[in-house]
2 protein chains.
Amino acid sequence: MSRQMIVATTLEELGTARELLDDSLGFVPTMGYLHEGHLSLARRAREECRTVAVSIFVNPTQFGPSEDLANYPRDLERDLRLLEQEEVDLVWTPTAEMLYPPGYQTWVEVGEVGLPLEGAQRPGHFRGVTTVVTKLFNAVRPSKAYFGQKDAQQAAVIRQMTRDLNFPVEIVVCPIVREPDGLAMSSRNVYLSAEQRRAATVLHRALETAQAEYEHGERLAEALRGTMKDVLRTEPLAQVQYVSCADYETLRELEQVSGKALLSTAVFFGKTRLIDNVVLE
Amino acid sequence: MSRQMIVATTLEELGTARELLDDSLGFVPTMGYLHEGHLSLARRAREECRTVAVSIFVNPTQFGPSEDLANYPRDLERDLRLLEQEEVDLVWTPTAEMLYPPGYQTWVEVGEVGLPLEGAQRPGHFRGVTTVVTKLFNAVRPSKAYFGQKDAQQAAVIRQMTRDLNFPVEIVVCPIVREPDGLAMSSRNVYLSAEQRRAATVLHRALETAQAEYEHGERLAEALRGTMKDVLRTEPLAQVQYVSCADYETLRELEQVSGKALLSTAVFFGKTRLIDNVVLE
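Residues numbered from 1 in each chain as written. Chains lettered and ligands numbered in written order. Predicted model: local features only at pLDDT ≥ 70, side-chain atom pairs only at ≥ 80, totals over all residues.

A look at the overall build of chain A
- Each helix and strand in chain A was counted, giving ten helices and ten strands.
- Against the 2.2 N^0.38 benchmark of 19 Å for 281 residues, chain A shows a C-alpha radius of gyration of 19 Å, consistent with a compact globule.
- With respect to the three principal axes, the spread of C-alpha positions in chain A is 55 × 40 × 40 Å.
- Counting over 281 residues, chain A shows a buried share of 41%.
- Across chain A, the fraction of contacts at a sequence separation of at least 24, relative to all contacts at a separation of at least 6, is 69%. (Helix = DSSP H or I, 4+ residues; strand = E, 2+ residues; numbered from the N terminus. Rg over C-alpha atoms; globule rule 2.2 N^0.38 Å. Buried ≥ 20, exposed ≤ 12 C-beta atoms within 10 Å, placed from the backbone. Contact = placed C-beta atoms within 7 Å.)

Okay, structure coming up:
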């Protein structure tokens, strides 16, 4: 079956296009500069839903004042080509002026689950995320929405928001897609120099080492965090921001691992900040 | 046509009932103890939409700690009888435990338009309102929602939120319904003693007097506020909390009335707090 992929820009264009789609609509919100991680979400949506929509929007309200909003990588033509290959039905590419017009003043905020880890390092980040996801959900009206496990806390925050605000949307969280050497795919990986790129594999090695200890019976969270730190310290280019061993749902730091847990870390390589995680279950 | 009115309590019951209704669904959110004001909203919805839903929920998160949540008047049987007479299709009566389960932590907040007047006197009130309306909109999925002009700032806050968050809902604001002597209908009027009830007509007289001055050419906002205060002062039982002459959309206090404006006031009679307003256009 060969269908034309619709590309909508304005809210009106989106509204018209949405009418042509099915009640069974899988939605993949992205900031563009797509990689295999994003495409895996579109494929999963394609498998599970009768129609698929993707948004491409570099959301200014989730960037801090000292973050990389202006330099965030963009390549819309390539993105559209890739999404056409995945048989996406609708791509929405709004501008910041459309989503945050003059006088804009409404915010959606999740509490406790958004406070530690990324929330502590990036004040206001999750408020920007939950606000824009609310807007995207209301405009696109999907039946399912797909997020990557790479942004583990974002997924937890969005699950909480969706449940709390009674959104009629099922949240599907998909596994991290990695490069052959283990580096988690990220649009920000293009910022890395060749040397930093080689060094960046240390995130996954640190997480894998701690995960192996867990699988051999270690349940002390502080020991698992210590192992991650030890491995990260072997890489001189890595400046560790945090390592965490937290409850999978609440993201509270653990003393003992008993249920499902999240090992996660944020590390700078020069000015580039990378995050990665593994789930213990 | 005789249809059975469905009464849903749980979210699951609501979801099942919602499936039976049309895409054209008019929604009237209420806190129950219905009066002619509420019923005028249901009638308007009945005229404009193929199906009509009403929620009855005394929302705890919009009451301050010193406010009248525990004593707020309730009479569900009478409410259901009245709504059946208005040929409402669906009534949803959730409990606080269903809408705010343990671990609940997500809030929707509107900025500037929610800060003065009621927002200044009732901290957190509009955060409770916008949060519960978001939840009700997501659960009920109406095409139109009906609010009373009596709560003028609430209507402005909800219009702002709906626009900002891209809710696919048209907000319809309906005129204040008054008793024969001019008192705006309110569930809280039952708190008034006979003496207070007679005194309470002063709100409408104050607003009407200022409105008449406006219609005779007065454009100085301070003069209109002064007139309202003068009339309110003639009633010894009235303790004035605020009088306002503000822009209709932004609710900023005016110096000169040039466009559409809102005259509003909040007055205590003993422990009972009444509000009222008129629109200048």
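A short note on the packing of helix α9 (residues 202-215) of chain A against helix α10 (residues 221-233) of chain A
Residue and element names in this part refer to chain A.
- Between α9 and α10, whose axes approach to 8 Å, the crossing angle comes to 145°. Classified by chirality, the crossing of α10 by α9 is right-handed. Touching Val202, Arg205, Ala206, Leu207, Thr209, Ala210, Glu213 and Tyr214 of α9 are Leu224, Thr227, Met228, Val231 and Leu232, all from α10.
- Here the contact of α9 with α10 is built from residues that sort into nine nonpolar, two polar and two charged. (Axes fitted to C-alpha atoms, helices over the stretch in contact; angles between N-to-C directions. Left-handed = near helix turned anticlockwise from the far one by under 90°. Nonpolar A, V, L, I, M, F, W, Y, C, P; charged D, E, K, R; others polar.)

Points about the interface of chain A and chain B
- On the chain B side, the residues contacting the 23 residues of chain A number 23 residues.
- Those elements giving two or more residues to the side of chain A that touches chain B turn out to be β5 (106-110), α6 (125-140) and α7 (152-164) of chain A.
- Considering each element in turn, the side of chain A that touches chain B owes the most residues, five residues, to β5 of chain A.
- Across the side of chain A that touches chain B, the residue classes tally to eleven nonpolar, seven polar and five charged.
- Across five bridges, the pairing between β5 of chain A and strand β5 (residues 106-110) of chain B is antiparallel. Pairing of Glu109 of chain A across the sheet is with Trp107 of chain B, part of β5 of chain B. (Pairing = 2+ DSSP bridges.)

Regarding α6 of chain A
Residues and elements named next belong to chain A.
- A rise of 1.5 Å per residue sets the reference length of α6, with its 16 residues, at 22 Å; its end C-alpha atoms lie 22 Å apart and thus fit the reference within 8%.
- Among the 16 residues that make up α6, 13 are buried, leaving the element largely enclosed by the rest of the structure.
- At the exit of α6 stands Arg141, carrying a positive phi of roughly 50°. (Expected span 1.5 Å × (residues − 1).)

Overview of unusual backbone geometry
- One non-glycine residue, Tyr33 of chain B, adopts positive backbone phi at about 50°.
- Residue position: Tyr33 of chain B is located in the loop between β2 (25-30) and α2 (36-48).

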